[in-house]
Amino acid sequence: MKLDGKTAIVTGSTSGIGLGIATGFAKAGANVVINGFGDPVEIDAIVKDLQGHGGSVVYNGADMSKPDQISVMMNDMEGEFGAIDILVNNAGIQLVEPVENFPPERWDSIIAINMNSSFHTVRAAVPGMKKRGWGRIINIASAHGLIASPYKSAYVTAKHGVVGLTKTVALEVAQDGITCNAICPGYVLTPLVEKQIPDTAKARGITEEEVKRDVMLASQWTKKFVTVEQLAGVALFLCSDAAENITGIALPVDGGWTAS
Ligand code: NAD
């Protein structure tokens, strides 16, 4: 799969799934915009590492909880590369708490980063994609965009919202050469998941090993964590010509979790 001459923005790509997808796109020859937080030295190393595959790789540190910063990023990157052909909305955070203890300000930031940011990037990207008659929008939702688990009220709400946005945008741009799809991963061992293991253990009163075995992989029938390389492969497929008629889907990559 070659993406020479295409430009992709991957939000939240300094770590985990976003970094895996950005790596896949860079290796396919695309120009890639890396976004997210982290140590500047490590981010610099990521950018250097991804250069050299033919495309240009840059970093933009816009905060996905801030609509004005999103707007500036989208505008600047379209200006720099002349196009945003592929948009991957991936930035996300998590908090595991019973609903009655859920801090309202954490609710607001999860909804802002995990859901609202996708609206702000999509509305900025669509006019250029329409003008050029080609675009790929990929929203990294979650199995939690399709089903719920306890203690993740804000996350499950945001991810269901992302699936709704995906379907709506897909219909609106269907005749413009643009597809809009959601990928719904099961559990992937990234920093986001590592962090919630102790919280889930506390909320459920079980050990961390029991969280992995009895909570996370209990739902995944393959008994394997999904990998970031597998998700990069799925994202690349959604950018291919073969996927031209795939739009508006919420594709589970979850080891059979949502089939049961
Ligand atoms: P991660 O913590 O490894 O990475 C999250 C990325 O988002 C980082 O680059 C971080 O800097 C960035 N980010 C966080 N807040 C931001 C903000 N305000 N502005 C810009 N960037 C911000 O997490 P991950 O597991 O790779 O998760 C990536 C996405 O995949 C999330 O949307 C998550 O909900 C989704 N997801 C993850 C899993 C999993 O099991 N790991 C499963 C399903 C869905």
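The structure this text deals with has already been given above.
Quick summary incoming for the structure in this document. These numbers come from a predicted model, not from an experiment.

1. Here's the deal with helix H2 (residues 40-50)
Those residues of H2 not exposed but buried are Ile43, Ile46, Val47 and Leu50. What you see down the axis of H2 is that its buried residues fit within an arc of 95°, all on one side. Across from the buried face of H2, at angles greater than 90 degrees, the exposed residues are Val41, Lys48 and Asp49. Contacts made by the buried residues of H2 are with helix H1 (16-27), strand S2 (31-35) and strand S3 (57-60). Where H2 begins, one side-chain oxygen reaches toward the backbone nitrogen of Val41, 2.9 Å away; that side chain belongs to Asp39.

2. With respect to the sheet that holds S2
If you walk across this open sheet you meet the 7 strands as S3-S2-S1-S4-S5-S6-S7, and the pairing is parallel. The open sheet has two free edges, formed respectively by S3 and strand S7 (250-253), since each of these has just one partner strand. Each strand axis lies, on average, 20° off the axis of its neighbour in the sheet, ignoring direction. In this structure, strand S6 (residues 178-185) lies alongside S7, joined through 4 bridges in parallel fashion. Across the sheet, residue Cys184 finds its bridge partner in S7, namely Pro252. Helix H4 (residues 104-132) contacts strand S4 (86-89), strand S5 (135-140) and S6 of the sheet and is inclined by roughly 175° relative to S4. Where helix H5 (residues 153-172) meets the sheet, its contacts fall on S5, S6 and S7, and the angle it forms with S6 comes to roughly 160°.

3. Here's the deal with the layout of surface pockets
Space inside the largest pocket adds up to approximately 890 Å³. Broken down by secondary-structure element, the contributors of at least two residues to the lining of the largest pocket are H1, H4, H5 and helix H6 (191-204). Ranked by residue count, the leading element in the lining of the largest pocket is H6, at 6 residues. Considered class by class, the residues forming the lining of the largest pocket number 19 nonpolar, 15 polar and 6 charged. A domain split of the lining of the largest pocket shows at least three residues from each of domain 1 (7-186 + 226-253) and domain 2 (188-225).

4. Quick word on the site of the ligand
Around the ligand, 31 residues are found, and the nearest of them are Ser15, Asn90, Tyr155, Val188 and Thr190. Between the ligand and Phe37, the relevant distance is 2.8 Å, taken from an oxygen atom to a main-chain nitrogen or oxygen of the residue. Contact distances for the ligand include 2.9 Å between an oxygen atom and a side-chain N or O atom of Lys159. Starting from 820 Å² of accessible surface for the ligand in isolation, the protein chains cover 94%. Here the ligand is seated within the largest pocket. When contributions to the shell around the ligand are tallied by element, the ones reaching two or more residues are H1, H5 and H6. The dominant element in the shell around the ligand, judged by the number of residues it contributes, is H6, at 3 residues. Looking at the shell around the ligand, its residues break down into 16 nonpolar, 13 polar and 2 charged.

Quick notes on the rules
- Residues numbered from 1 in each chain as written.
- Predicted model: local features only at pLDDT ≥ 70, side-chain atom pairs only at ≥ 80, totals over all residues.
- Heavy atoms only, no water.
- Buried < 20%, exposed > 50% of the residue type's maximum accessible area, 1.4 Å probe, protein only.
- Helix = DSSP H or I, 4+ residues; strand = E, 2+ residues; numbered from the N terminus.
- Arc of directions from axis to C-beta.
- Contact = heavy atoms within 4.5 Å.
- Polar contact = N/O pair within 3.5 Å; in protein donor to acceptor, adjacent residues only side chain to side chain.
- Pairing = 2+ DSSP bridges.
- Axes fitted to C-alpha atoms, helices over the stretch in contact; angles between N-to-C directions.
- 1 Å grid on protein atoms, 1.4 Å probe; cavity = no way out; pocket = protein on both sides within 12 Å on 5 of 7 lines; lining within 4 Å.
- Points joined across faces, edges and corners; volume = space filled by probe spheres on them.
- Nonpolar A, V, L, I, M, F, W, Y, C, P; charged D, E, K, R; others polar.
- Domains from an automatic or database assignment.
- Near = heavy atom within 4 Å.
- Areas by Shrake-Rupley, 256 points an atom, 1.4 Å probe, with all protein chains shown as cover.
- Sits in = over half its atoms within 2 Å of the grid points.

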